[in-house]
Amino acid sequence: MRITGLGHAGLFIETAMGSVLCDPWVSPAFFGSWFPFPDNSDLDWDGYGRTADYLYVSHLHRDHFDPAILRRHVRKDATVLLPDYPTDELECELRALGFTRFLRTRSGVPFERDGLRMMVTALTGPGDGPIGDSALSLDDGETVLLNQNDAHPLDTAAILEFGEVHAHFTQFSGAIWWPMVYRLPHEAKQKFAERKRTGQFERAVRYIDALQGANVFPNSGPPCFLDEELLHLNGTGRDAESIFTDQREFLEQLAQERPDVPAHMWLPGSVATVSKSDCEVVHRYDPLEITYLFDHKPEYLRAYARRRQPELAAERAGRAPALSPDALLAALKEWWEPLLARADRICEGVGGPLRLDVDGTSIVVDFPARQVRLWDGERCRFTMSTAGDLVATNIAARENDWSNSLFLSLRFSAERVGAYNEFVYTFFKCLSEERIDYVENYYASADDDGEDVVIDDWQVQRRCPHLRADLAHFGRIEDDVLTCALHGWTFDLSTGRCLTSDRHDIRASRTEPAPEPEPGHRTREAGLEEALTG
């Protein structure tokens, strides 16, 4: 099997039985904020796209789904491997680009096509991309590849049943806006960013340990930021307030923590020839170029930014003009109030008003009252602030997933009183009747099933209240705090309280008497609340 890195999560997989093009992305994403790192725009996109037998787009996030590349460079008679998602949005988007041949997969069920054995593992929780994320397993009879990209599969045993993994392409860098956009004290933001980087590394290692791939390739990240106002977010950011670990940093940390893991540098244009017993990686960059890329990253990014300025200017010019306050309120009221009327669990989960500041106009999304109205000065636990042209563009496009446009752009700021609330962002990901109805049904069906497991000296419910990860596999306990390694959510087991988000408490009881706390002992929960509230 021959695999070419296309940048970020992009792969071109060649076998004797056919080739698969995965997640090709070049165009600036999320209001022109994200670009692949390093630059991949000079790859032979016609060469990959015109020869691919299969197209696999893991999910609809714009750093995986690039309409411009798919329209211009990819043959329209390629067979699309369609993940088993609850909505048909991905298929509709691809059909609109001219694709007509779709192979509808069943999640976690292997199938054969033209001598290739494949399996798409689809994730469908509210936190999994825009109502969906997926991973691809591929076996050409000689080599088994796992393209995990951004997906966090719960059932690693099913992936191992598909076959011993010889090439594991795993996400390793952040893809979220926390904590960079939050108005927090400097020290708290540094601490949260460090914790986030640690958490994403630990999650990647959990999958590496569980899947025992013969070769590991850090893939699906990091993005870089080329707009002048966002340059400070690159890498670990200005004063270590950012979360975007690069390829070399991940490999160096992995070598320290797991020295026996055979991991390889993976860059745009890198080619790996992998078999059951061997792996050879050849880079298009020479060693000095790779050293320069990481040792002189600011200079590299400045030059990269100069090359891509026309695209940034075109993106800005293509935004809709900001609306007047009256027009803005009327548009959001007409759009969102019918959705709030259908969103019983979301509204209960948020439990209060959210203030949206748009160019000086303050609008309240009152979840308990199911209303969108002007702010009248009341205290709001959640506040978001952004620019009018960004909101107007989302309104004009009827963008049903603001995480896939505004939030991942990092072109907004936020603050909250207390812990993270998952339901706030779930609402902004589900701005259509179809999505609201799906996620409401998801929450209803995901209630605790009563099964418990024992971890250390605690008996806890088996399923994480967040997205039902198996805590027997993903849970670890330290100082009576349970951490679910899948997404880093934490729980104070002495009270059952979720320390990450409201309304996700856990059932827990100690299997033996608790030791007396030491004098002056300060709980992790108290430290977290202090940092959040400043």
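Look a little higher up for the structure.
A short tour of the structure in this document, coming up. (Residues numbered from 1 in each chain as written. Predicted model: local features only at pLDDT ≥ 70, side-chain atom pairs only at ≥ 80, totals over all residues. Heavy atoms only, no water.)

**Things to note about the environment of G10**
Moving on, step 1. Mapped onto the fold, G10 is located in strand β2 (residues 10–15).
Moving on, step 2. On the accessibility criterion, G10 (1% relative accessible area) is buried.
Moving on, step 3. Through-space distance from the C-alpha of G10 to that of F294 is 20 Å; in sequence the pair is 284 residues apart.
Moving on, step 4. Ignoring sequence-local partners within four residues, the contact set of G10 consists of T4, G5, C22 and D23. (Helix = DSSP H or I, 4+ residues; strand = E, 2+ residues; numbered from the N terminus. Buried < 20%, exposed > 50% of the residue type's maximum accessible area, 1.4 Å probe, protein only. Contact = heavy atoms within 4.5 Å.)

**A word on the sheet that holds strand β11 (residues 144–149)**
Moving on, step 1. Strand order across the open sheet formed by six strands is β8-β9-β10-β11-β12-β13, with mixed pairing between neighbours. A strand with exactly one partner marks an edge of an open sheet, and here the two such strands are β8 (111–113) and β13 (216–219). The mean angle between the axes of side-by-side strands here comes to 20 degrees, regardless of whether they run parallel or antiparallel.
Moving on, step 2. Here strand β12 (residues 167–171) pairs with β13 via four bridges, running parallel. Along β13, the bridge assignment pairs H168 with V216.
Moving on, step 3. Packed onto the sheet, helix α5 (residues 186–211) meets β11, β12 and β13 and runs at close to 160 degrees relative to β12. (Pairing = 2+ DSSP bridges. Axes fitted to C-alpha atoms, helices over the stretch in contact; angles between N-to-C directions.)

**Remarks on the packing of helix α7 (residues 287–295) against helix α8 (residues 297–317)**
Moving on, step 1. Two numbers describe how α7 lies on α8: the axes approach to 5 Å, and their chain directions differ by 95 degrees. Between α7 and α8, the angle falls in the class roughly perpendicular. Between α7 and α8, the residues in contact are Y292, L293, F294 and D295 and K297, E299 and Y300, respectively.
Moving on, step 2. Looking at the contact of α7 with α8, its residues break down into four nonpolar, no polar and three charged. (Parallel < 35°, antiparallel > 145°, perpendicular 65-115°, else oblique. Nonpolar A, V, L, I, M, F, W, Y, C, P; charged D, E, K, R; others polar.)

**Section: the pairing of strand β25 (residues 481–484)**
Moving on, step 1. Burial along β25 is two-sided: the face carrying V481 and T483 and the face carrying L482 and C484 are both buried.
Moving on, step 2. As judged from the four bridges shared by strand β24 (residues 475–478) and β25, these two strands associate in the antiparallel manner. By the bridge assignment, G475 is partnered in β25 with C484.
Moving on, step 3. The hairpin turn running from β24 into β25, its antiparallel successor, is two residues long, and D479 in that turn takes a positive phi close to 55 degrees.
Moving on, step 4. Bridge count between β25 and strand β26 (residues 489–492): four bridges; the pairing is antiparallel. When the bridges of β26 are listed, T483 appears paired with T490.

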